[in-house]
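# Observations on the three-dimensional arrangement
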Amino acid sequence: MTTTLITGGAGFIGSHLCERFLAEGHRVICMDNLITGSIANIDHIRDPKFTFIQHDVTEYIYVKGEVDNILHFASPASPIDYLRMPIPTLKVGSLGTHKTLGLACAKKARYLLASTSEVYGDPLVHPQPETYWGNVNIIGPRGVYDEAKRFAEAMTMAYRRFHGLDTRIVRIFNTYGPRMRLDDGRVVPSFIGSVIRNEPLTVFGDGSQTRSFCFVSDLVEGIFRLLNSKEMEPVNIGTEYEMTILDFAKLIQKLAGNSPPIVMKDLPIDDPKSRRPDLTKARQILKWDPQVSLENGLLKTIEYFRGQQAS
Ligand code: UDP
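I will try to describe carefully the structure that is included in this document. (Residues numbered from 1 in each chain as written. Predicted model: local features only at pLDDT ≥ 70, side-chain atom pairs only at ≥ 80, totals over all residues. Heavy atoms only, no water.)

A sheet is described by the order of its strands in space; here 7 strands give the open sequence S3-S2-S1-S4-S5-S6-S11, paired in parallel fashion. Taken across any chain shown, the strands that pair with only one partner, and hence form the sheet edges, are strand S3 (50-54) and strand S11 (235-237). Going across the sheet, the axis of each strand differs from the next one's by a mean of 20°, ignoring polarity. Inspection of the sheet shows strand S1 (residues 3-7) paired to strand S2 (residues 27-32) by 5 bridges, in the parallel sense. Bridging from a neighbouring strand, Leu5 pairs with Ile29 of S2. Each of S1, S2, S3, strand S4 (69-72) and strand S6 (167-172) touches helix H1 (residues 12-23); the most contacted strand, S1, lies at about 170° to it. Against the sheet, helix H6 (residues 216-227) engages S4, strand S5 (110-116), S6 and S11, with an angle of about 160° to S6. (Pairing = 2+ DSSP bridges. Helix = DSSP H or I, 4+ residues; strand = E, 2+ residues; numbered from the N terminus. Axes fitted to C-alpha atoms, helices over the stretch in contact; angles between N-to-C directions. Contact = heavy atoms within 4.5 Å.)

The following block contains the structure:
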């Protein structure tokens, strides 16, 4: 039986990956220190092929027996989380990547790194192809995440070149869906939480900055295909449907059927002005394209958050 270790497996994306790999028949080891992940995300999993280990992957990792795949998804991933936990964020991207790569070497496992569109920083090239090197403020407050992930990519490529490790790198653009934390500060839970509570939606800056949003099931499919491909260089996964944050606030009001006022707040430092992936590579190599429309994905997410609010 194939064994897949998922770090950050009790997090938003990690928990969806655990379910997907179990459904593919893998034995899944979910590792998480629960600083941003939650047992509630995996509590419903009853599969005997599933194991949870509470562990901080910046410390030495011991796993008994064979491991075929390691997916390194552990990290705080929302701007308020990595501002609140700058040093754990730097450590999990650097030391955690080193430890998990070392484990992959020891187990002769395939390794997949969760990287991010944040490696492009506040991009000067639009849309962003994988060949773009980025525009990151190293010493700014977001630098702790951006630089840790850039280091993680460099480390992954070094293990591939020096140790011949079988590696993959996915650059994840804004992703949303059930199991995001209502209080994680990212725009999707923030806006949906506000409309559900009938409180003002806080748009940062003038709301003209752009993002495109990918539903989590589409991301998981892209990651699954990437792991099973032979592509060793980074691949963007996201959607190309770009919109301003102000328009996004209005869309959430419309879909939730409630329109509390929109208030403006200061734009956070180094908040990227625009972001959209160039998906040419994902299409060509993975034969992948997002399937879930923004409206359908948001309706599912609104329903999930309504359930959370009620419970
Ligand atoms: N944003 C906002 N209001 C919020 C949260 C976020 O206007 O309550 C904006 C934020 O400034 C950014 C965009 O929404 O321009 C996406 O923010 P998020 O934190 O989701 O992730 P990012 O794409 O910046 O990593």
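This next bit is on helix H7 (residues 245-256). Compared with an ideal rise of 1.5 Å per residue, which puts 12 residues at 16 Å, H7 spans 16 Å between its outermost C-alpha atoms and is within 8% of the ideal. Within the span of H7, buried status applies to Ile245, Phe248, Ala249, Leu251, Ile252, Gln253, Leu255 and Ala256. Immediately downstream of H7, the backbone of Gly257 shows phi near 65°, a positive value. (Expected span 1.5 Å × (residues − 1). Buried < 20%, exposed > 50% of the residue type's maximum accessible area, 1.4 Å probe, protein only.)

Not every one of the 18 residues close to the ligand is listed here, only the nearest: Ser190, Thr202, Phe204, Arg211 and Asp271. Taking Gln209, its side chain carries an N or O atom lying 3.0 Å from an oxygen atom of the ligand. Within the side chain of Arg275, an N or O atom sits 2.8 Å from an oxygen atom of the ligand. Protein burial of the ligand: of its 520 Å² of free accessible surface, 95% is covered by the chains. (Near = heavy atom within 4 Å. Polar contact = N/O pair within 3.5 Å; in protein donor to acceptor, adjacent residues only side chain to side chain. Areas by Shrake-Rupley, 256 points an atom, 1.4 Å probe, with all protein chains shown as cover.)

Here we come to the side chain of His16. Here His16 is to be found in helix H1. Side-chain polar atoms of His16 contact the backbone oxygen of Pro178, separated by 2.9 Å.

Glancing now at the packing of aromatic side chains. In the structure shown here, the tally under the stated rule is 8 aromatic pairs. Taking the centre distance of 4.1 Å and the plane angle of 15° together, the rings of Phe213 and Phe248 count as stacked. Taken as a pair, Phe213 in the loop between strand S9 (210-212) and strand S10 (214-215) and Phe248 in helix H7 lie far apart in primary sequence, 35 residues in all. As far as burial versus exposure is concerned, Phe213 and Phe248 are alike and both buried. Grouped by ring-pair contacts, the aromatic residues Tyr120, Tyr132 and Phe173 constitute a single cluster. (Phe/Tyr/Trp six-rings, centres within 6.5 Å; stacked < 30°, edge-to-face > 60°.)

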